[in-house]
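# Commentary on secondary and tertiary structure
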Amino acid sequence: IDDLAEVDYSLNSLPAVLRPFIDLNLKGIVYPAGNHTGPPYAAAPFTVPDQSDSMLYLAFSEYFFQTSSFAYYTARAFDITIAEETCSYFNISTEIFGSIIPEVAKYSVTPYPVMLKLMATEIPIISLEQDSFTVEIQGSMEVFAVLPDSTTQSLFTMNVAANTSIALNIFDQKLMGSLCLNRLQFSLAHSNVGFFEISLLENILSYILQTEVIPSANAKLSKGFPLP
């Protein structure tokens, strides 16, 4: 698929060749690249609705997407760093955070660039729906001040709970997706600047995720999963 994950499609049984159709029972598993250790899930059997309006029908179970989630979590694909040099829309700094949170302004009088480190703390949970699926992500976001000597100083860490949905489509023999952020929740996990109300930061953090993380994720999803 890419440098982080690979997909294996294996026949679970002999093809069923009947008069009206051919039925192929495949087991699709996504692995971390170079690591074919089985994922911690069991594939449940399912049936495809009896339809005959099209030449080809493809059906995917939650198992396929769960193994994708496990593979990319294992490969640390959900770990993202946002720094001044990679931020597309504005320069994030302690001055911006200090204008919202007085504790940051007192802690860092001199303006410094800010670096955000995001990581998933649990395997994202997949829930399959018609033509799409939702992804529940539990993670953390640590905010650092970048000092003149390029070292970093941790300001605070937040717990992040994100609910996203991915719309699916098939193009050029690939399964593609488009990510949409539905809901975000933040809570303060640790602070070196003192306690503050995390609600003060929710708008700016949501904006950063919408303008930096979501477009990056969609760029990767647009490359698609190869189909058998």
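This structure is a prediction, so every number in the text was calculated from the model and none was measured. (Residues numbered from 1 in each chain as written. Predicted model: local features only at pLDDT ≥ 70, side-chain atom pairs only at ≥ 80, totals over all residues. Heavy atoms only, no water.)

## Notes on the overall build of the protein
Inclusion rule: Only DSSP runs of H or I covering at least 4 residues are called helices, and only runs of E covering at least 2 are called strands; the numbering of each starts at the N terminus. When we talk radius of gyration, it's over C-alpha atoms, and the globule rule is simply 2.2 Å times the number of residues to the 0.38. Buried, partly exposed and exposed residues are distinguished by accessible area as a fraction of the type maximum, computed with a 1.4 Å probe on protein chains only: under 20%, between the cut-offs, and over 50%, respectively. The contact rule is simple, with two residues in contact once any of their heavy atoms fall within 4.5 Å. Residues scored as charged are limited to Lys and Arg (positive) and Asp and Glu (negative), so that His and the chain ends carry no count. Where a charge lies is defined by one atom per residue type: Lys uses NZ, Arg uses CZ, Asp uses CG and Glu uses CD.
A count of helices and strands for the protein gives four helices and eleven strands. Its C-alpha atoms give the protein a radius of gyration of 22 Å, clearly above 17 Å, the size a compact globule of 228 residues would have. Oriented by its inertia axes, the alpha-carbon framework of the protein measures out at about 75 × 35 × 30 Å. Considering the protein as a whole, with its 228 residues, one finds that 35% of them fall into the buried category. Sequence-distant contacts, at least 24 apart, represent 61% of the contacts inside the protein between residues at least 6 apart. In the protein, 9 side chains carry a positive charge and 23 a negative one; their mean positions are 4 Å apart.

## Remarks on helix α1 (residues 62–74)
Here is the rule we go by: What a helix should span is 1.5 Å times the count of its residues minus one.
In this model, α1 (13 residues) spans 18 Å end to end at C-alpha, consistent with the 18 Å of a helix rising 1.5 Å per residue. A large share of α1 lies buried, amounting to ten of its 13 residues. For α1, the complete set of buried residues consists of Y63, F64, F65, Q66, T67, S68, S69, F70, A71 and Y72. Trailing α1 by a residue or two, R76 shows a phi angle of about 60°, which is positive.

## Notes on the pattern of salt bridges
Our working definition: Any Lys or Arg side-chain nitrogen located within 4 Å of an Asp or Glu carboxyl oxygen qualifies as a salt bridge.
One pass over the structure, following the stated rule, counts two salt bridges. For R76, the salt bridge identified is with D79, shortest N-O distance 2.8 Å. Residues R183 and E136 are paired through a salt bridge, measuring 3.9 Å at the closest nitrogen-oxygen approach. With R183 in strand β10 (residues 174–191) and E136 in strand β8 (residues 132–146), this pair connects stretches of sequence that are 47 residues apart. Judged by relative accessible area, R183 falls into the partly exposed class, the value being 44%.

## With respect to unusual backbone geometry
With phi around 60°, R76 is a residue other than glycine that occupies positive phi space. With respect to the helices, strands and loops of the structure, R76 is situated in the loop between α1 and β5 (80–82).

## What to know about the nonpolar core
Heads up, the rule is: Working definition of a nonpolar core: buried Ala, Val, Leu, Ile, Met, Phe, Trp, Tyr and Cys residues. They are joined through side-chain atoms within 4.5 Å. Bear in mind that the domain bounds are from an automatic or database domain assignment.
Counting 43 residues, the largest nonpolar core has F97, L116, F156, M158 and L201 as the members making the most contacts within it. Mapped onto this core, the elements with two or more residues apiece are α1, β6 (114–120), β8, β9 (152–171), β10 and α4 (202–221). Two domains each put at least three residues into this core: domain 1 (1–76) and domain 2 (78–227). Among all residues touching L116, those that are not within four sequence positions of it are I80, T81, I82, I92, F97, M141, E142, V143 and I208.

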